[in-house]
Amino acid sequence: MNKPRHKGPDMRKIVILTGAGISAESGLGTFRDEGGLWSQHRIEDVATPEGFARDPELVHRFYSARRQQAAEAQPNAAHLALAQLEQRWAGEVVIVTQNVDGLHEAAGAHNVLHMHGTLGGALCAACAHQWQAPMEMTLETTCPACGAQQARPDVVWFGEIPYHMEEIISHLEEADLFASIGTSGQVYPAASFVQEAAANGADTVELNLEPSEISRAFGVRHFGPATEIVPKWVEGLLTGGNA
Ligand code: OAD
């Protein structure tokens with residue numbers, strides 16, 4: 001039996017999925033928009049375990065450049081608004097991000113699950129030890145635990161299982177409101193979260209520059225740049241509980 005739902009001002013638990021669109025106005029390119037990362041690089045080359053096995057140097061160069069860019073980027077008004085929501089909302093706010101930058105945390109958010117890993121992390125392909133990545137990771141980067149020179153960025157590649165899935169699913173089951181911000185809805189499992197949340201009785205809202213591939217799955221939709229529509233949406237929630 002579904003648990004009783006809290007609607008309007010009584011709404012308690014908000015689960016927010018974010019994608020590359022929320023960081024676009026911080027200067028970090030998205031993947032699938034015109035001129036996006038996947039028009040400049042082949043996914044098979046830089047975002048699969050097979051690509052890494054074939055040419056690890058290329059993969060390190062790609063992620064080291066992104067790590068540098070992400071380190072120089074500043075959180076924007078949308079990241080800041082979500083951090084405010086987390087602080088001021090009477091119920092629970094969980095941010096599930098597909099982004100590998102650290103801009104939610106830089107904005108002051110704490111309850112953030114990085115389902116696709118982080119650029120700030122290194123992972124040893126030999127012993128699975130995780131540590132803080134150097135700004136430039138190379139073939140010589142050595143695992144501090146086992147000494148192997150098999151470091152890889154701690155990001156989830158196509159064909160790998162995203163992080164925190166059990167925890168994310170249980171948050172979706174408990175959500176009173178599910179919001180998706182700045183994601184194209186083309187990559188699973190994240191693209192199925194709206195159905196998961198709605199099946200468990202949550203209200204659903206999409207905030208994106210334009211309708212995504214899965215826009216029709218959402219009950220409420222707001223279109224425009226994240227720095228405009230997210231602060232407005234957060235203000236509406238904090239003042240009246242409106243999604
Ligand atoms: P995409 O590049 O697929 O989609 C970005 C979305 O953001 C699009 O729907 C844009 O319309 C929207 N957008 C662009 N600028 C925006 C702005 N200023 N304000 C609001 N929305 C904006 O990026 P993701 O959906 O995040 O995974 O991609 C999902 C996953 O695919 C990534 O995590 C990455 C990628 O391949 C892996 O590498 C495993």
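Residues numbered from 1 in each chain as written. Predicted model: local features only at pLDDT ≥ 70, side-chain atom pairs only at ≥ 80, totals over all residues. Heavy atoms only, no water.

Observations regarding the overall build of the chain
Here is step 1: Along its length, the chain carries nine helices and nine strands.
Here is step 2: Taking 2.2 N^0.38 as the reference for a compact globule, 243 residues should give roughly 18 Å; the C-alpha atoms of the chain span a radius of gyration of 18 Å, in line with that estimate.
Here is step 3: Seen through its C-alpha atoms, the chain measures out along the principal axes to roughly 55 × 40 × 30 Å.
Here is step 4: Looking at the chain residue by residue over its 243 residues, the buried ones come to 49%. (Helix = DSSP H or I, 4+ residues; strand = E, 2+ residues; numbered from the N terminus. Rg over C-alpha atoms; globule rule 2.2 N^0.38 Å. Buried < 20%, exposed > 50% of the residue type's maximum accessible area, 1.4 Å probe, protein only.)

Things to note about the sheet that holds strand β1 (residues 14–18)
Here is step 1: Across the sheet, six strands lie side by side as β3-β2-β1-β7-β8-β9; this open sheet has parallel pairing. One side of each edge strand has no neighbouring strand; the edge strands of this open sheet are β3 (112–114) and β9 (220–223). Each strand axis lies, on average, 15° off the axis of its neighbour in the sheet, ignoring direction.
Here is step 2: Both strand β2 (residues 93–97) and β3 contribute to a ladder of three bridges, which runs parallel. Across the sheet, threonine 97 pairs through a bridge with histidine 114, a residue of β3. (Pairing = 2+ DSSP bridges. Axes fitted to C-alpha atoms, helices over the stretch in contact; angles between N-to-C directions.)

Some remarks on the sheet that holds strand β6 (residues 151–155)
Two orientations exist for strands paired in a sheet by backbone hydrogen bonds: parallel and antiparallel.
Here is step 1: The strand order β5-β4-β6 describes an open sheet built from three strands, whose pairing is antiparallel. Only two strands of the sheet have a single neighbouring strand rather than two, namely β5 (130–132) and β6. The average angle at which neighbouring strand axes cross in this sheet is 45°, direction not considered.
Here is step 2: The pairing of strand β4 (residues 117–124) with β6 spans four bridges and is classified as antiparallel. When the sheet's bridge partners are listed, cysteine 124 is paired in β6 with alanine 151.
Here is step 3: With respect to the sheet, helix α4 (residues 56–72) is in contact with β4 and β6, its orientation differing from that of β6 by roughly 50°. (Contact = heavy atoms within 4.5 Å.)

Quick look at the packing of aromatic side chains
Here is step 1: For the structure on display, the rule yields six aromatic pairs.
Here is step 2: Aromatic side chains phenylalanine 52 and tryptophan 157 sit 5.3 Å apart centroid to centroid with 45° between the ring planes, which places their arrangement in the tilted category. On the criterion of sequence distance, the pair formed by phenylalanine 52 in helix α3 (residues 49–54) and tryptophan 157 in the loop between β6 and α7 (165–174) is long-range, its members being 105 residues apart. Neither residue differs from the other here; phenylalanine 52 and tryptophan 157 are each classed as buried.
Here is step 3: Relative to phenylalanine 218, the ring of phenylalanine 178 has its centre 6.4 Å away and its plane inclined at 15°; by these criteria the two rings are stacked. With phenylalanine 178 in strand β7 (residues 177–181) and phenylalanine 218 in the loop between β8 (203–208) and β9, this pair connects stretches of sequence that are 40 residues apart.
Here is step 4: The exposure class assigned to phenylalanine 178 is buried, which follows from its relative accessible area of 1%.
Here is step 5: Phenylalanine 218 gets classed as buried once you look at its relative accessible area, which sits at 6%.
Here is step 6: Above the face of the tryptophan 157 ring, arginine 152 is positioned so that its terminal group lies 3.8 Å from the ring centre. (Phe/Tyr/Trp six-rings, centres within 6.5 Å; stacked < 30°, edge-to-face > 60°. Lys NZ or Arg CZ within 6 Å of the ring centre and 35° of its normal.)

Examining the site of the ligand
Here is step 1: Around the ligand there are 24 residues in total, and Ala20, Phe31, Arg32, Thr183 and Ser184 lie nearest to it.
Here is step 2: Taking serine 184, its side chain carries an N or O atom lying 2.6 Å from an oxygen atom of the ligand.
Here is step 3: Note that a nitrogen atom of the ligand is positioned 3.2 Å from one of the backbone N or O atoms of leucine 209.
Here is step 4: Class assignment of the residues belonging to the shell around the ligand gives a composition of ten nonpolar, ten polar and four charged. (Near = heavy atom within 4 Å. Polar contact = N/O pair within 3.5 Å; in protein donor to acceptor, adjacent residues only side chain to side chain. Nonpolar A, V, L, I, M, F, W, Y, C, P; charged D, E, K, R; others polar.)

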